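Observations on chain architecture
Spelled out from the first residue to the last, the chains are:
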Amino acid sequence: MALKLEPGTRLVVATHNPGKARELAEILEGRFELVAAGELGLPEPEETETTFVGNALLKARAAAEATGQIALADDSGLSVKALDGAPGIFSARWAGPGKDFALAMRKVEERLEEAGAEDYSAWFTSALAVAWPGGPAVVVEGRVDGTLSFPPRGDKGFGYDPIFVPAGFDQTFGEMEPATKDGLSHRARAFAKLKAALL
Ligand code: IMP
């Protein structure tokens, strides 16, 4: 089987996070027919792997097997250098069952203060995986580096966006226009690699 995605291919997008689904739709530029896993009533598999790549593959494979269609999944998160890469793959989990990112951002700030950290370097990672039902899969990873800034600023993005200032900018991701974030984000960079591999 040729690992190519023709324009108009129907892709099941295996994310239940509306912020990520919207950004993926913006980045995929109307190129594919996207169907949200939530619309198909697919359950969210437990993320049992220890890396972004492992979890993205797990989610794409689960969606491809459940639907019999080509599936795209993302696993992403924020890594903080002074916290040895935490929250990392636990980024969503730090927000608790209520998905409270004000709480998660406070937790990052508290951990940095407890550690007496002076270096607030951080990066977002996005792993994107495409899986064919019963078949192969392709996975890539993109990253954007920056610095954390407190208190949180801006209400445009989602998750940890209000505390992340990408390198070379003064605004947080939460203050930026979505098109600006989409031009440099970890997800956009991962997608550029996926395009190179599959289109
Ligand atoms: P998962 O990929 O569904 O496990 O969740 C990753 C978590 O990382 C999200 O819930 C967000 O909190 C965080 N995250 C990933 N990408 C971004 C982003 O672009 N901005 C802000 N937070 C993000």
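Everything here concerns the structure above.
Figured I'd write up the structure that's included with this text. The residue numbering used here restarts from 1 in each chain and proceeds along that chain's sequence as written. Given that this is a predicted model, residues contribute local features only at a pLDDT of at least 70 and side-chain atom pairs are listed and counted only at 80 or more, while totals for whole chains, interfaces and linings are drawn from all residues. Water and hydrogen atoms were dropped before computing side-chain values, which therefore reflect all heavy atoms in the structure.

**Details of the pairing of strand S5 (residues 137-148)**
For clarity, the threshold we go by: Whether two strands pair depends on DSSP finding at least two bridges between them. Each helix is a run of H or I in the DSSP string that is no shorter than four residues. Each strand is a run of E no shorter than two, and both are numbered from the N terminus.
Note that strand S4 (residues 121-131) and S5 share eleven bridges and pair antiparallel. Bridge assignment links Ala 131 to a residue of S5, and that residue is Ala 137. In this antiparallel pair of consecutive strands, S4 and S5, the connection spans five residues, and Gly 134 shows a positive phi of 65°. Pairing geometry for S5 and strand S6 (residues 164-166), over three bridges, is antiparallel. The residue bridging Gly 146 from the neighbouring strand is Pro 166, located in S6.

**Points about the sheet that holds S6**
What counts here: Axis definition: a line fitted to C-alpha atoms, limited for helices to the stretch in contact. Angles are taken between N-to-C directions and run from 0 to 180 degrees. Any two residues whose heavy atoms approach within 4.5 Å are treated as being in contact.
Spatial ordering of the open sheet is given by S2-S1-S3-S4-S5-S6, a layout of six strands whose pairing is mixed. Edge strands, defined here as strands with exactly one partner in the open sheet, are strand S2 (33-36) and S6. Each strand of the sheet is rotated relative to its neighbour by a mean of 35°, with strand direction disregarded. Of the pairings in the sheet, the one linking strand S1 (residues 10-13) to S2 comprises four bridges and is parallel in character. When the sheet's bridge partners are listed, Val 12 is paired in S2 with Val 35. Set on the sheet, helix H2 (residues 52-67) makes contact with S1, strand S3 (71-80), S4 and S5; between it and S3 the angle comes to about 160°. Taken strand by strand, helix H5 (residues 186-198) contacts S3, S4 and S5, and its axis lies near 155° from that of S5.

**Section: the site of the ligand**
Definition in use: Whether a residue is near a molecule or strand depends on its heavy atoms: if one lies within 4 Å, it is near. Polar contact criterion, stated in full: a pair of N or O atoms within 3.5 Å, where within protein one must be able to donate a hydrogen and the other to accept it, and residues adjacent in sequence count only if both atoms are side-chain atoms.
Near the ligand you find 19 residues, and of these Lys 20, Ser 76, Asp 161, Lys 181 and Arg 187 are the closest. A distance of 3.2 Å is found between an oxygen atom of the ligand and a side-chain nitrogen or oxygen belonging to Glu 47. Measuring from a nitrogen atom of the ligand, one finds a side-chain N or O atom of Asp 161 at 2.6 Å. Mapped by element, the contributors of at least two residues to the shell around the ligand are S3 and H5.

**Notes on the pattern of salt bridges**
Side chains that carry opposite charge are capable of pairing whenever their charged atoms lie near each other. Just so we agree on the cut-off: Each reported salt bridge corresponds to a side-chain nitrogen of Lys or Arg within 4 Å of a carboxyl oxygen of Asp or Glu. Burial here depends on accessible area, computed with a 1.4 Å probe over protein chains only, as a share of the maximum for the residue type. Under 20% is buried, over 50% is exposed, and the range in between is partly exposed.
Inspection of every chain in the model, using the stated rule, returns ten salt bridges. Its salt-bridge partner being Asp 75, residue Lys 59 comes within 3.0 Å of it at the nearest N-O pair. With Lys 59 in helix H2 and Asp 75 in strand S3, the pair connects residues that are 16 residues apart, well separated along the chain. Here Arg 143 and Asp 145 are joined by a salt bridge, their closest N and O atoms 2.8 Å apart. By relative accessible area, Arg 143 is classed as partly exposed at 40%. Asp 145 sits in the partly exposed class, given a relative accessible area of 35%. Through salt bridges with shared partners, one network takes in Glu 47, Lys 59, Asp 75 and Arg 93.

**A closer look at the environment of Phe 32**
Within the element layout of this structure, Phe 32 appears in the loop between helix H1 (18-27) and S2. According to the relative accessible area criterion, Phe 32 is buried, its value standing at 8%. Through-space distance from the C-alpha of Phe 32 to that of Gly 8 is 4.3 Å; in sequence the pair is 24 residues apart. For Phe 32, the residues in contact, after removing those within four places along its chain, are Leu 5, Glu 6, Gly 8, Thr 9, Leu 11 and Leu 199.

**Some points on the nonpolar core**
Quick reminder of the rule: Put simply, a nonpolar core is a bunch of buried Ala, Val, Leu, Ile, Met, Phe, Trp, Tyr and Cys residues held in one set by side-chain atoms that sit within 4.5 Å of each other.
Among the nonpolar cores identified, the biggest contains 21 residues, and Leu 78, Val 80, Val 108, Leu 112, Leu 148, Tyr 160 and Phe 164 are the most heavily contacted of them. Of all elements in the fold, only S3, helix H3 (101-114), S4 and S5 reach the threshold of two or more residues within this core. Tallying contributions element by element places H3 first for this core, with four residues. When sequence neighbours within four positions are dropped, the list of residues in contact with Phe 164 reads Leu 78, Ala 122, Trp 123, Phe 124, Val 144, Asp 145, Gly 146, Thr 147, Leu 148, Gln 171, Thr 172 and Phe 173.

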